[in-house]
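Architecture and fold: a report
This is what each chain is made of:
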Amino acid sequence: MNRIDLTGRRAVVTGGAQGLGRAITERLAASGATVEIWDIQDGPAQAVAAEIGSAVSARVVDLCDDDAVARAAEAAGAVDILVNNAGITGGNAPTWQLDPAVWRQVMEVNLTAPFVVCRALVPGMIGRGYGRIVNIASVAGKEGNPNAAHYSASKAGVIALTKSLGKELAETGILVNCVTPAAARTPIFDQMSQEHIDYMLSKIPMKRFLEPAEAAAMVAWLSSEDCAFSTGAVFDLSGGRATY
């Protein structure tokens, strides 16, 4: 593992208790950052924090509750790095068969929550003149996956949020970027049909799923001072599926 120096930096990773979020938390901590997990699942989040070590702590935060996010931001203090990772798939169905309540829930968790978290933490970053924000989007947001219009649309929104916020903050010392992973074999697969999992694999030229550590490595670099002239950008992690 190449060393990326995040010594002295304080990070927040949403949904850091499992999957890509856990891998990102581990990599940021290994690079010297102090990491706070924001997760709705208290037990798993506390267990992961204890397993990784003293550099990691966990806080229960309902990311769909504006007031809860504001309180967490105030309690967290000075945050240098924000990774908006928490997300859900909402299952699979043709667009015309999707339950509107499921659509709204996916939008709330995947798109509105990152906006609310950014809204809470960006002012402090502006005041300190430094910050790195990394949003976890998806290749589905670039290409649109059939039977996943809700998920695809939410992740396309994350890409657009990244571009807009990156331009707004371009002169402040705060860089905002996103990554667009192909599927990784994480617990989120439990929300998908096997047919949909097989479809996603068939689209990846490398003929394998993303490893969480591979995503964590890119996020760590985007969280560092070495990333200095990229903002509002989309970094691909799709094994050759989307080459743009």
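The protein carries the name 3-oxoacyl-[acyl-carrier protein] reductase in an unreviewed UniProt entry, which gives Paracoccus chinensis as its organism. A UniProt comment under Sequence similarities (unreviewed entry) is attached to the protein, and it reads "Belongs to the short-chain dehydrogenases/reductases (SDR) family."

**Concerning the nonpolar core**
Ranked by size, the top nonpolar core spans 33 residues in total, and within it Ile24, Leu28, Val35, Val83, Ile136 and Val219 carry the most contacts. Other than its neighbours up to four places away in sequence, Val219 contacts Ile24, Val83, Val134, Ile136 and Val179. Formed by 23 residues, the second largest nonpolar core is a distinct cluster that contains Val12, Ala72, Met125 and Leu169.

**Description of the packing of helix α3 (residues 66–76) against helix α4 (residues 100–128)**
With their axes 9 Å apart at the nearest point, α3 and α4 run at an angle of 35° to one another. As α3 runs across α4, the sense of the crossing is right-handed. Where α3 abuts α4, its residues Asp66, Val69 and Ala73 lie against Val116, Val117, Ala120 and Leu121. Among the residues forming the contact of α3 with α4, the class breakdown is six nonpolar, no polar and one charged.

**Side note on the pattern of salt bridges**
Two side chains carrying opposite charge are able to pair once their charged atoms lie near each other. This model, assessed by the stated rule, comprises nine salt bridges. Glu36 serves as the salt-bridge partner of Arg10, at 3.0 Å between the closest nitrogen and oxygen. Linking Arg10 in strand β1 (residues 10–14) with Glu36 in strand β2 (residues 34–39), this pair joins segments that are 26 residues apart in sequence. Judged by its relative accessible area of 3%, Glu36 is buried. Between Glu51 and Arg22 there is a salt bridge, and its shortest N-O distance comes to 2.7 Å. Within this pair, whereas Glu51 is found in helix α2 (residues 42–52), its partner Arg22 is found in helix α1 (residues 19–30), the two being separated by 29 residues in sequence. Judged by relative accessible area, Arg22 falls into the partly exposed class, the value being 25%. Taken together, the shared-partner salt bridges in this structure form one network comprising Arg9, Asp80 and Glu225.

**A look at the sheet that holds strand β6 (residues 174–181)**
Within the open sheet, the seven strands sit side by side as β3-β2-β1-β4-β5-β6-β7. Their pairing is parallel. Here the strands that pair on one side only, and so sit at the sheet edges, are β3 (56–60) and β7 (233–237). Adjacent strand axes in the sheet meet at a mean angle of 20°, parallel and antiparallel pairs treated alike. Bridging between β2 and β3 involves five bridges; their strand directions are parallel. Across the sheet, Glu36 pairs through a bridge with Ser57, a residue of β3. Seen against the sheet, α2 touches β2 and β3 and runs at an angle of roughly 170° to β3. Lying on the sheet, α3 is in contact with β1, β2 and β3; it crosses β2 at an angle near 165°.

**A short note on the layout of surface pockets**
Taken as a whole, the largest pocket holds about 780 Å³ of empty space. The wall of the largest pocket is formed by 41 residues, among which Asn85, Ala86, Gly87, Ile88 and Ile188 lie closest to the centre. Those elements that provide at least two residues to the lining of the largest pocket are α1, β2, α4 and α6 (149–168).

Reading the values: rules and limits
- Residues numbered from 1 in each chain as written.
- Predicted model: local features only at pLDDT ≥ 70, side-chain atom pairs only at ≥ 80, totals over all residues.
- Heavy atoms only, no water.
- UniProt positions renumbered as here; feature names shortened; annotations may be inferred.
- Core = buried A, V, L, I, M, F, W, Y, C linked by side-chain atoms within 4.5 Å.
- Buried < 20%, exposed > 50% of the residue type's maximum accessible area, 1.4 Å probe, protein only.
- Contact = heavy atoms within 4.5 Å.
- Axes fitted to C-alpha atoms, helices over the stretch in contact; angles between N-to-C directions.
- Helix = DSSP H or I, 4+ residues; strand = E, 2+ residues; numbered from the N terminus.
- Left-handed = near helix turned anticlockwise from the far one by under 90°.
- Nonpolar A, V, L, I, M, F, W, Y, C, P; charged D, E, K, R; others polar.
- Salt bridge = Lys/Arg side-chain N within 4 Å of Asp/Glu carboxyl O.
- Pairing = 2+ DSSP bridges.
- 1 Å grid on protein atoms, 1.4 Å probe; cavity = no way out; pocket = protein on both sides within 12 Å on 5 of 7 lines; lining within 4 Å.
- Points joined across faces, edges and corners; volume = space filled by probe spheres on them.

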